[in-house]
Amino acid sequence: AAAGYPTKSTWLKAIRRGNYSTWPLITVTNVHKYFPESEETQYGHQHGQRQGVRRTGIKPSKPKNAPVTETTKSTPEPMEEKNEVYIRTYDTKDFVYSDQTGKQFTMSSQGNQYQMVMYHVDSNSIFVGTMRNKTEGEMIRARTQLLHRMKLAGIHPKTQVLDNEASKAYKEAIVTSGMDYQLVLPDDHRRNVAEKAIQTWKDHFISNMSGTAKSFPLHLWDQCIPQIEMQLSLLRQSNANPKTKISTYAHLYGHHNYNAVPFVPIGMETIVHEKPSRRRSWDQ
C-alpha cells in the first residue's frame, strides 16, 4: 500500500534493481512469499486482452488446377531504385511530451477538475499538474508550474511535443519561455508519448484512490498527487544511463532513503492525540 499497490512483476523488477534497498523487509524473497493479490491493484491495472494477436483460421488456398482469370487491373510500373538514406538525430534530454487527461471523478476542494501530464524521455519521469478547466490560461499556468519543477530536478527541455489542438496563446507561451514546439498529426495520438504516460499514471492513481479509507474525502485527490508521483518514480528506471539503470526517483532527487522520506499508505485512517490545551473538558 505504501508503494502504491503496484503489480507483482513491476515491483519485483524495481526491487531487483535496488530501488527499494532502504525499505525494511522489502526483498525479492519476501515479496514472492507474502505479496497480496489485492483488489486495489486489480482496480487500477486490469486491461482487456488485445484483439487480433492470434491467427484464428487459415485462408483457403487456391486449387492447383484452377483456371487463370484475366484481370482488368494494369500492372504498375516499377519505381526507380534510389540508394538514399535520411537520418535525423534527436537528443532525448531536450524533449518533453505533454497532454491533458479527462475530467476527474469529483471536483477537488481547490476547484481542480483536470490534470496535465508531462513526460520526459531521458529520465523516464512523469510530472503531473492540476487544472481547474481546460482554458488556455489554466493550461499555461499548469505548464509553467511543471517546467519549474523539472528545472529544480535538473531537467531543462528545449522542445515540447503536444496535441495539435493547442491554442495560439499556448503556443506563444511556449516560444516566450525559450522553447520550441512540435504538434502531432491529427488523429495520430501514438506520436505523442504522453498518451502512454497518461495510461500508466491513471493506472497507478486509481489503485491508490481505491486503497484509501472509506472515510477519506475524495475532494482531496489533488493533495495525494505529490506522493503518488514519487511512488511511480520508484517503480520506473531512468533512460539516462543504460548501464547502471538507476531509478527515475534517483535521477530526479537522489537515491531514496526510507528513514529520511518514509512512505505510508495514502488516505489511511489515523487516530491523533489532541493536546489538553486544545480540546474541551470531556472531549475524546
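Look above for the structure.
Residues numbered from 1 in each chain as written. Predicted model: local features only at pLDDT ≥ 70, side-chain atom pairs only at ≥ 80, totals over all residues. Heavy atoms only, no water.

Enquirer: Would you mind showing me how to read the packing of aromatic side chains here?
Expert: The description of an aromatic ring pair uses the distance of the two centres, along with the angle that the planes make with each other. Here the structure, examined in full by the defined rule, presents eight aromatic pairs. Each ring, one from Trp-201 and one from Phe-205, has its centre 5.7 Å from the other, and the planes form 35°; the classification is tilted. In this pair, Trp-201 and Phe-205 both sit in helix H6 (residues 194-210), four residues apart, roughly one turn of the helix. Taken individually, Trp-201 and Phe-205 each receive the classification buried, so the pair is uniform in this respect. An aromatic cluster is defined as three or more aromatic residues linked by ring pairs; in this entry it consists of Trp-11, Tyr-20, Trp-23, Phe-35, Tyr-258 and Phe-263. (Phe/Tyr/Trp six-rings, centres within 6.5 Å; stacked < 30°, edge-to-face > 60°. Helix = DSSP H or I, 4+ residues; strand = E, 2+ residues; numbered from the N terminus. Buried < 20%, exposed > 50% of the residue type's maximum accessible area, 1.4 Å probe, protein only.)

Enquirer: I would appreciate a short explanation of the pattern of salt bridges in the present structure.
Expert: Pairing between side chains of opposite charge can happen when their charged atoms approach one another. Overall, the coordinates contain three salt bridges when judged by the stated rule. Ionic pairing is found between Arg-141 and Glu-138, a salt bridge with its closest N-O pair at 3.1 Å. You can see Arg-141 and its partner Glu-138 sitting in helix H4 (residues 136-152), three residues apart, about one turn around the helix. A residue is classified by how much of its surface remains accessible, and Arg-141, at 34% relative accessible area, is partly exposed. For Asp-283, the salt bridge is made with Arg-280, and the minimal N-O distance between the two is 3.3 Å. (Salt bridge = Lys/Arg side-chain N within 4 Å of Asp/Glu carboxyl O.)

Enquirer: Before we go on, may I ask you to explain the layout of surface pockets in this structure?
Expert: Over the atoms rolls a probe the size of a water molecule, and its path tells where empty space is left. The volume enclosed by the largest pocket comes to roughly 380 Å³. Taken together, 20 residues line the largest pocket, and the ones lying closest to its centre are Ala-1, Ala-2, Ala-3, Trp-11 and Ile-26. Residues that form the lining of the largest pocket fall into these classes: 17 nonpolar, three polar and no charged. For the second largest pocket, the calculated volume is near 330 Å³. In terms of lining residues, the second largest pocket is bounded by Pro-6, Thr-7, Thr-10, His-45, His-47, Lys-196, Thr-200, Asp-203, His-204, Leu-232, Leu-235 and Arg-236. Broken down by secondary-structure element, the contributors of at least two residues to the lining of the second largest pocket are H6 and helix H7 (225-235). Element by element, the count of residues in the lining of the second largest pocket is highest for H6, at four residues. Taken together, the residues of the lining of the second largest pocket break down into three nonpolar, six polar and three charged. (1 Å grid on protein atoms, 1.4 Å probe; cavity = no way out; pocket = protein on both sides within 12 Å on 5 of 7 lines; lining within 4 Å. Points joined across faces, edges and corners; volume = space filled by probe spheres on them. Nonpolar A, V, L, I, M, F, W, Y, C, P; charged D, E, K, R; others polar.)

Enquirer: Help me understand the packing of H6 against H7 in this model?
Expert: What describes two packed helices is the angle between their axes and the distance between those same axes. It is the contact of H6 with H7, at a shortest axis distance of 10 Å, that shows an interaxial angle of 120°. The angle between H6 and H7 places the two elements in the oblique class. Considering the relative orientation of H6 and H7, their crossing is right-handed. For the pair H6 and H7, contact is made by Thr-200, Trp-201, His-204, Phe-205, Asn-208 and Met-209 and by Ile-225, Ile-228, Glu-229, Gln-231, Leu-232 and Leu-235, respectively. A breakdown of the residues in the contact of H6 with H7 according to their chemical character gives seven nonpolar, four polar and one charged. (Axes fitted to C-alpha atoms, helices over the stretch in contact; angles between N-to-C directions. Parallel < 35°, antiparallel > 145°, perpendicular 65-115°, else oblique. Left-handed = near helix turned anticlockwise from the far one by under 90°. Contact = heavy atoms within 4.5 Å.)

Enquirer: Could you clarify how one ought to interpret unusual backbone geometry in this entry?
Expert: One non-glycine residue, Leu-25, lies in the positive phi region at around 65°. Within the secondary structure layout, Leu-25 lies in the loop between helix H1 (8-16) and helix H2 (28-34). Unusually for a residue other than glycine, Asn-124 sits at a positive phi of about 60°. Along the polypeptide, Asn-124 turns up in the loop between strand E2 (114-120) and strand E3 (125-131). With relative accessibility at 13%, the residue Asn-124 sits in the buried group.

Enquirer: Explain the side chain of Ser-123 to me, please; I cannot follow it from the model alone.
Expert: Structurally, the position occupied by Ser-123 is in the loop between E2 and E3. A distance of 2.6 Å separates the side chain of Ser-123 from the side chain of Ser-125, its partner in a polar contact. Setting aside chain neighbours within four positions, we find Ser-123 in contact with Ile-155, Gln-237, Ser-238, Asn-239, Thr-248, His-251 and Leu-252. (Polar contact = N/O pair within 3.5 Å; in protein donor to acceptor, adjacent residues only side chain to side chain.)

The analysis is restricted to geometry; functional conclusions fall outside its scope.
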